[in-house]
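Architecture at a glance
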Amino acid sequence: MTFVLVVVAHPDDAEIAMGMRIRAYAEDGAHVRVHCLTPGAPGPNGTSERIEECRAAGAILGIDQYTFSAIPDNQFVECRVEINTSLFKVFAEQRPDIVYTHFPDDQHLDHRITAQEVTTVALREANDLCYFRSPYSIGFEPSTVFVGTQDLLEAKAAALKCFTSQAQLDMDTFVKLATVAHRQHVHHRVVERFPPGLECAELFRTAREIKFASRTA
C-alpha cells in the first residue's frame with residue numbers, strides 16, 4: 001500500500017490545491033493522511049469549526065487521517081522550532097512513501113515556512129517529495145499535470161463546499177480554476193489530444209523522486 005502524506009499550513013489548503021489528486025489516490029487504494037499545522041484561529045469561525053469542516057471534506061475525498069498540530073495561525077515565524085518538532089513526530093507515526101506540501105515561493109508567509117520545514121524533514125524521512133500549486137504560488141512551473149475526470153472535479157467541489165466558514169475565499173472560484181489550470185502550461189495541440197472527459201487539472205512540481213531498478217533472480 002502507498003502511504004501519502006499531505007502537509008499544509010491551514011484547513012482547506014489541501015482541498016483547494018489537490019482535492020482531485022487526493023480523491024484519485026484514495027480510489028487507487030492508497031492510505032492518505034492530511035496534516036494541518038494550524039487548526040485555525042480561535043474564535044467564532046476558528047479551531048473546532050474548521051476542524052469539523054476538514055473532517056467533512058476528508059470523508060468526501062477518502063482521506064484516512066486528518067490530523068492537526070497546534071501552531072497558532074499566522075504565527076509560524078515565531079514557532080519554527082515547534083513546527084519542526086511536530087513534523088518529525090508526524091513522520092515517525094507512519095513513514096510516508098510520498099509527501100506533498102506547498103511550493104516554497106509563496107505570497108503567504110505561513111505557506112513558505114511550511115514548505116521549508118516540510119522539505120527539511122521529508123528529504124530525511126521519505127523517498128519522494130512534491131510541491132503543489134496554491135493560488136498564492138509565485139513563479140510556479142509544473143513538472144506534473146494531473147488531469148482529472150468530471151467525477152473527481154465534482155468530489156473536489158463537494159469537499160470545498162464543506163468550508164462554510166471561509167465564504168470570503170469563494171470556493172467556486174477554485175473549482176473553476178481547475179478547469180483551466182493546465183491551459184497556461186500545456187500547448188493547445190496537446191490538450192486537444194486529451195482523452196474524452198478529462199478536462200480539469202491540478203499542477204505539481206517534483207522536488208525528488210526515487211526510482212528503483214527491477215530486481216532479477
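So, a few notes on the structure that sits alongside this text. Just so it is clear, the model here is predicted, and its values are computed rather than measured.

Attention shifts here to the packing of aromatic side chains. Tallied over the full model, the rule gives five aromatic pairs. An angle of 15° between the planes, with centres 5.6 Å apart, marks the rings of Tyr66 and Phe68 as stacked. Between Phe103 and Tyr131, the ring centres sit 6.1 Å apart and the planes meet at 75°, which makes this aromatic pair edge-to-face. Here Tyr131 lies in strand 5 (residues 128–132) and Phe103 lies in the loop between strand 4 (98–102) and helix 4 (109–125), a separation of 28 residues in the sequence. By the burial criterion, Phe103 is buried, and Tyr131 matches it.

Evaluated as defined, the whole model comprises nine salt bridges. For Glu209, the salt bridge is made with Lys211, and the minimal N-O distance between the two is 3.2 Å. Overall, the relative accessible area of 67% leaves Lys211 in the exposed class.

Compared with the 20 Å implied by 1.5 Å per residue over 14 residues, the 20 Å span of helix 3 (residues 80–93) between its first and last C-alpha is a close match. Among all positions in helix 3, only Ile83, Ser86, Leu87, Val90 and Phe91 are buried. Projected down its long axis, helix 3 shows its buried positions confined to an angular sector of 135°, all on one face. Helix 3 presents Val81, Lys89 and Ala92 as exposed residues on the side facing more than 90 degrees away from its buried surface. Residues of helix 3 that are buried make contact with strand 1 (3–8), strand 2 (31–36), strand 4 and helix 4.

This part covers the sheet that holds strand 7 (residues 198–208). Pairing is mixed across the open sheet formed by seven strands, whose spatial order is 3-2-1-4-5-7-6. Looking at the sheet topology across the chains shown, the edges are occupied by strand 3 (65–68) and strand 6 (144–149). Looking at each pair of strands side by side, their axes are set apart by 25° on average, direction ignored. Packing against the sheet, helix 1 (residues 13–27) makes contact with strand 1, strand 2, strand 3, strand 4, strand 5, strand 6 and strand 7, and its axis sits at approximately 100° to strand 7.

The next subject is the nonpolar core. Counting residues in hydrophobic clusters, the biggest one holds 39 residues, and the most contacted among them are Val4, Val6, Ile22, Val34, Tyr100 and Phe132. Tallying contributions element by element places helix 1 first for this core, with eight residues. Counting 23 residues, the second-largest nonpolar core is a separate cluster that includes Cys79, Leu87, Tyr131 and Phe140.

Turning our eyes to something else, we now look at the packing of helix 3 against helix 4. It is the contact of helix 3 with helix 4, at a shortest axis distance of 10 Å, that shows an interaxial angle of 40°. Classified by the angle between their axes, helix 3 and helix 4 sit oblique to one another. Here helix 3 and helix 4 pass one another in a crossing that is right-handed. Between helix 3, through Arg80, Ile83, Asn84, Leu87, Phe88 and Phe91, and helix 4, the contact on the second element is made entirely by Ile113, Gln116, Glu117, Val118, Val121, Ala122, Arg124 and Glu125. Within the contact of helix 3 with helix 4, the residues separate by chemical class into eight nonpolar, two polar and four charged.

This paragraph deals with the environment of Val145. Summarising the element assignment, Val145 is placed in strand 6. For the pair formed by Val145 and Phe204, sequence separation is 59 residues and the distance between their alpha carbons is 6.4 Å. Apart from the residues lying within four places of it in its own chain, the contact partners of Val145 are His182, Val186, Ala201, Glu202 and Leu203.

Turning our eyes to something else, we now look at helix 2 (residues 48–61). Three- or four-residue spacings in an α-helix give side chains the same orientation, since the helix completes a turn every 3.6 residues. Under the 1.5 Å per step criterion, the end-to-end length of helix 2 is 20 Å for 14 residues, consistent within 8% with the ideal 20 Å. Those residues of helix 2 that fall on the buried side of the exposure criterion are Arg50, Ile51, Glu53, Cys54, Ala57, Gly58 and Leu61. Along the long axis of helix 2, the arc covered by the buried residues comes to 160°, so they all point the same way. For helix 2, the exposed residues set more than 90 degrees away from the buried face come down to Ser48 and Ala59. Buried residues along helix 2 sit in contact with helix 1, strand 3 and helix 5 (150–160).

About the thresholds
- Residues numbered from 1 in each chain as written.
- Predicted model: local features only at pLDDT ≥ 70, side-chain atom pairs only at ≥ 80, totals over all residues.
- Heavy atoms only, no water.
- Phe/Tyr/Trp six-rings, centres within 6.5 Å; stacked < 30°, edge-to-face > 60°.
- Helix = DSSP H or I, 4+ residues; strand = E, 2+ residues; numbered from the N terminus.
- Buried < 20%, exposed > 50% of the residue type's maximum accessible area, 1.4 Å probe, protein only.
- Salt bridge = Lys/Arg side-chain N within 4 Å of Asp/Glu carboxyl O.
- Expected span 1.5 Å × (residues − 1).
- Arc of directions from axis to C-beta.
- Contact = heavy atoms within 4.5 Å.
- Pairing = 2+ DSSP bridges.
- Axes fitted to C-alpha atoms, helices over the stretch in contact; angles between N-to-C directions.
- Core = buried A, V, L, I, M, F, W, Y, C linked by side-chain atoms within 4.5 Å.
- Parallel < 35°, antiparallel > 145°, perpendicular 65-115°, else oblique.
- Left-handed = near helix turned anticlockwise from the far one by under 90°.
- Nonpolar A, V, L, I, M, F, W, Y, C, P; charged D, E, K, R; others polar.

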